[in-house]
There are 2 protein chains.
Amino acid sequence: MEAVKIFCPATIANVSCGFDVLGLCLDSVGDEMVVRKSDTPGVRITKIDGADLPMETDKNVSGVAAVAMLEALKSNQGFEIEIYKKIKAGSGIGSSAASSAGAVFGINELLGKPFTPAELVQFAMQGEALASGTAHADNVAPALVGGCTLVRSYTPLDVVGIPVPSELYATVVHPQIEVKTADSRAVLKKNLTLSKAIQQWGNVGGFVSGMFLNDYELIARSLEDVIVEPVRSVLIPLFKDVKAAAASAGALGSGISGSGPSIFALSKGAETATKVAEAMTKVYHNSGIAIEVHVSKINPDGCKLL
Amino acid sequence: MEAVKIFCPATIANVSCGFDVLGLCLDSVGDEMVVRKSDTPGVRITKIDGADLPMETDKNVSGVAAVAMLEALKSNQGFEIEIYKKIKAGSGIGSSAASSAGAVFGINELLGKPFTPAELVQFAMQGEALASGTAHADNVAPALVGGCTLVRSYTPLDVVGIPVPSELYATVVHPQIEVKTADSRAVLKKNLTLSKAIQQWGNVGGFVSGMFLNDYELIARSLEDVIVEPVRSVLIPLFKDVKAAAASAGALGSGISGSGPSIFALSKGAETATKVAEAMTKVYHNSGIAIEVHVSKINPDGCKLL
């Protein structure tokens, strides 16, 4: 194999209760990427379509992730990367993660899979470090492993795949204002009370249990964020109204996708997820804010060959 | 039915990563209790064997729990309670919880089970409030529901049963110094850093996943407490040595049971759990500290009729 064409999925990080640890992989929205072997050593970004992003390898998240992987392999094989961006940068659904994940997934395929998807996370994280200043894994883990992932630990990296109930759908509404990941992290408080932390880890345990038990009601009760949402949501116009609209339309719960400004909702079944999308969309009518809406099944595969 | 004799199990609260939310039910150690209908309305403690505890209903945890339950039922039925204490008070394996849970379990049986085990937790918690000043549920939930329990939320109370891998055994070593629950809670810091909280809820998610997946290695990696153990363990003599001994003998992990001073370890299989018991016990040889040791399968039933 000399070249692969790849679907690089968008992802929902945090999933309300699981700040920095939980993530979900989407199916109906993602980038495409071509990764090609080259006779010249090194990694080159040869084309970027759909976004104004740096072509220099060391300034592009996919370049940084690819180089990290090749260094670990001590490989001199050269690669060229073409990126067809469909996920908007700064949307909060893992735009940079899709590029980081796609690059290492593609190279892994072309080199005969020296790494498992979970092992690729460590390299894709280096792209995230370039994008946001922090090597977080809660987008690249679901983008690579698929489904729902838990980053149990960062040191050492320990990614756990969580099963996904078959009727779980995500709705994502992206109000097109820019919130940079770095800014969105800056509003976070460095300290919290033990009582709020207990609420949060109770909900992480509840959410994970709900996923294993196919218990949509338990998932719904666990989709609560008492720590990050209260401070971050002020950056997102009409957040409370959108959340209320999602609940009225039958969503299991909703919250900020990653560092925002996208707002996600989870629903049981495609029909409800579509109703939820309509209800969430309606809130932005006449607001002057352009929005983009996605309804997606949770994608069990992560990055895949096209 | 006019009277029931009950086994009221000891329990391990917190389970390292899940402060105030996780609990495990033990099988080989617990109190016994007789609950009997009486023609005189009200709840009376008629006998306490094996411990010097108050006989007054409003000062005894089982009395308080029983009264809370009868008030909710608006019942005038009278009850007499005999308590045969085997779990030492202040040991950190749910001595007060066993009495609170046993009382409401017994009354529930005699009244034709108006409540599910999970519903009984709210009443047993009132006994815990008397014992420690806080109505925590992480001992009474496993004592009533059995197995492993997650208290997802306190307001409203939401108790989730987590499956237990069939070969999971607990070892508990009780160094017989007294650490009062109220004192042990007083050393806790009211605030923590977001980064430590993230580690903790990653581990809660990992532990719960490991239990569902029968993944003993994942359970082992998740048995980590970066918040409470560092401050509480200073109250327990030889804690670090006991922990190291448990690890060397093959335990999956170990930590403080509830508010201590008991130290628990989890192991795969009875044989390893017994070796772990020997290794943990050895640390206290010639220390001048008397110890009590228990090896127990995780009890799937909670309180049961004898």
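Residues numbered from 1 in each chain as written. Chains lettered and ligands numbered in written order. Predicted model: local features only at pLDDT ≥ 70, side-chain atom pairs only at ≥ 80, totals over all residues. Heavy atoms only, no water.

The name an unreviewed UniProt entry gives chain A is Homoserine kinase, with Pustulibacterium marinum as the organism. What the UniProt record of chain A gives under Function (unreviewed entry) is the line "Catalyzes the ATP-dependent phosphorylation of L-homoserine to L-homoserine phosphate." Turning to chain A, the UniProt record has this under Sequence similarities (unreviewed entry): "Belongs to the GHMP kinase family. Homoserine kinase subfamily." (UniProt positions renumbered as here; feature names shortened; annotations may be inferred.)

1. A closer look at the sheet that holds strand β7 (residues 168-175) of chain A
All names here are of chain A. What the four strands build is an open sheet, ordered β9-β10-β7-β11; its pairing is antiparallel. Strand pairing shows two members of the sheet lacking a second neighbour, β9 (253-256) and β11 (291-297), which therefore form its edges. Sheet twist, expressed as the mean angle between neighbouring strand axes with direction ignored, is 20°. Bridging between β9 and strand β10 (residues 263-268) involves four bridges; their strand directions are antiparallel. Following the sheet pairing, Gly253 is matched in β10 by Leu266. Set on the sheet, helix α10 (residues 270-283) makes contact with β7, β10 and β11; between it and β10 the angle comes to about 150°. (Pairing = 2+ DSSP bridges. Helix = DSSP H or I, 4+ residues; strand = E, 2+ residues; numbered from the N terminus. Axes fitted to C-alpha atoms, helices over the stretch in contact; angles between N-to-C directions. Contact = heavy atoms within 4.5 Å.)

2. Some details on the interface of chain B and chain A
Taken together, the contacts link 37 residues of chain B with 37 residues of chain A. With both sides pooled, the region where chain B packs onto chain A buries about 2800 Å², and carbon together with sulfur makes up 70% of that total. Considering only the surface of chain B that becomes buried against chain A, Arg152(B), Leu194(B) and Trp201(B) emerge as the three largest contributors, covering 27% of it. Taken together, the links from chain B to chain A amount to two salt bridges. Asp158(B) serves as the salt-bridge partner of Arg221(A), at 2.6 Å between the closest nitrogen and oxygen. Linking chain B to chain A there are 11 residue pairs in polar contact (both at pLDDT 80 or more). Those elements that place two or more of their residues in the side of chain B that touches chain A are β5 (148-154), β6 (157-162), β8 (191-193), α6 (194-213) and α7 (216-222) of chain B. Among the residues making up the side of chain B that touches chain A, the classes are represented as 19 nonpolar, 11 polar and seven charged. Pairing geometry for strand β8 (residues 191-193) of chain A and β8(B), over three bridges, is antiparallel. Of the residues in β8(B), the one forming a bridge with Thr193(A) is Asn191(B). (Buried area = accessible area lost by both parts, 1.4 Å probe. Salt bridge = Lys/Arg side-chain N within 4 Å of Asp/Glu carboxyl O. Polar contact = N/O pair within 3.5 Å; in protein donor to acceptor, adjacent residues only side chain to side chain. Nonpolar A, V, L, I, M, F, W, Y, C, P; charged D, E, K, R; others polar.)

3. As for the environment of Ala249(A)
Residue and element names in this part refer to chain A. The residue Ala249 is located in the loop between α9 (239-248) and β9 in this model. For Ala249, a relative accessible area of 21% puts it in the partly exposed group. When the C-alpha positions of Ala249 and Ala270 are compared, they lie 13 Å apart, and in sequence the two are 21 residues distant. Residues in contact with Ala249, not counting those within four places in the same chain, are Thr272, Lys275, Val276 and Ala279. (Buried < 20%, exposed > 50% of the residue type's maximum accessible area, 1.4 Å probe, protein only.)

4. A short note on the pattern of salt bridges
A full pass over the atoms with the stated rule returns 25 salt bridges over all chains. Ionic contacts of the salt-bridge type, sharing partners, join the residues Lys5(A), Glu32(A) and Lys86(A) into one network.

5. What about the packing of helix α1 (residues 61-73) of chain B against helix α2 (residues 95-110) of chain B?
Residue and element names in this part refer to chain B. Between α1 and α2, whose axes approach to 8 Å, the crossing angle comes to 35°. As α1 runs across α2, the sense of the crossing is right-handed. Residues Val61, Ser62, Ala65, Ala66, Met69 and Leu70 of α1 form the contact with α2, whose own contacting residues are Ser96, Ser99, Ser100, Ala103, Val104, Ile107 and Asn108. Partitioning the contact of α1 with α2 into residue classes produces eight nonpolar, five polar and no charged. (Left-handed = near helix turned anticlockwise from the far one by under 90°.)

6. A look at the nonpolar core
If you look at the biggest cluster of nonpolar residues, it comprises 162 residues, and the most contacted ones within it are Trp201(A), Phe207(A), Leu266(A), Trp201(B), Phe207(B) and Leu266(B). In this structure, Trp201(A) is in contact with Leu194(A), Cys17(B), Gly18(B), Phe19(B), Val21(B), Ala197(B), Gln200(B), Trp201(B), Val204(B) and Ile227(B), ignoring residues within four places of it in sequence. Among the nonpolar cores identified, the runner-up in size contains 16 residues, and Met280(A), Val283(A), Tyr284(A) and Ile289(A) belong to it. (Core = buried A, V, L, I, M, F, W, Y, C linked by side-chain atoms within 4.5 Å.)

7. What about the packing of α9(A) against α10(A)?
Residues and elements named next belong to chain A. It is at 8 Å that the axes of α9 and α10 come closest, and there the two elements cross at 155°. Overall, the two elements α9 and α10 adopt an arrangement that is roughly antiparallel. The element α9 and its partner α10 pack so that their crossing is right-handed. Two secondary-structure elements touch here, α9 through Asp241, Val242, Ala245 and Ala246 and α10 through Val276, Ala279, Met280 and Val283. (Parallel < 35°, antiparallel > 145°, perpendicular 65-115°, else oblique.)

8. Topic: the UniProt feature "domain: GHMP kinase N-terminal" (unreviewed entry) in chain A
Here the UniProt feature "domain: GHMP kinase N-terminal" (unreviewed entry) sits at residues 66-147 of chain A. In residues 66-147 of chain A, helix accounts for 56% and strand for 9%; the two terminal C-alpha atoms are 23 Å from one another.

9. Looking at the environment of Val64(A)
Residue and element names in this part refer to chain A. Tracing the backbone through its elements, the reader meets Val64 in helix α1 (residues 61-73). With 61 residues separating them along the chain, Val64 and Met125 place their C-alpha atoms 9.4 Å apart. Ignoring anything within four residues of it in the chain, the contact list for Val64 reads Thr57, Asp58, Gln126, Gly127 and Leu130.

10. Side note on the packing of aromatic side chains
The way to describe two aromatic rings as a pair is by their centre distance and the angle between their planes. All told, the structure shown has three aromatic pairs over all chains when counted by the stated rule. Aromatic side chains Phe212(A) and Phe212(B) sit 4.7 Å apart centroid to centroid with 10° between the ring planes, which places their arrangement in the stacked category. With Phe212(A) in helix α6 (residues 194-213) and Phe212(B) in helix α6, the pair connects residues from two separate chains. Neither Phe212(A) nor Phe212(B) differs from the other in exposure class; each is buried. (Phe/Tyr/Trp six-rings, centres within 6.5 Å; stacked < 30°, edge-to-face > 60°.)

11. Here we look at the sheet that holds strand β7 (residues 168-175) of chain B
Residue and element names in this part refer to chain B. Reading across the sheet, the four strands line up as β9-β10-β7-β11 and stay open at both edges, with antiparallel pairing between neighbours. Unpaired on one side and paired on the other, β9 (253-256) and β11 (291-297) mark the two borders of the sheet. Here the strands of the sheet are splayed against their neighbours by 20° on average, with no regard to which way each runs. Alignment of β7 against β11, held across seven bridges, turns out to be antiparallel. Counterpart to Thr171 in the pairing with β11 is Val295. The sheet contacts of helix α9 (residues 239-248) involve β9 and β10 (263-268), and relative to β9 the element is tilted by about 155°.

12. Thoughts on the relation of the copies chain B and chain A
The two copies are related by a screw motion: chain B maps onto chain A through a turn of 180° and a shift of 0.0 Å along the axis, at an RMSD of 0.0 Å. The two molecules are tied by a two-fold rotation axis, judged by turn and shift. A shared binding surface is used by both copies, with 100% of the interface residues of chain B retained as interface residues in chain A. (Least-squares fit on C-alpha atoms with pLDDT ≥ 70 in both.)

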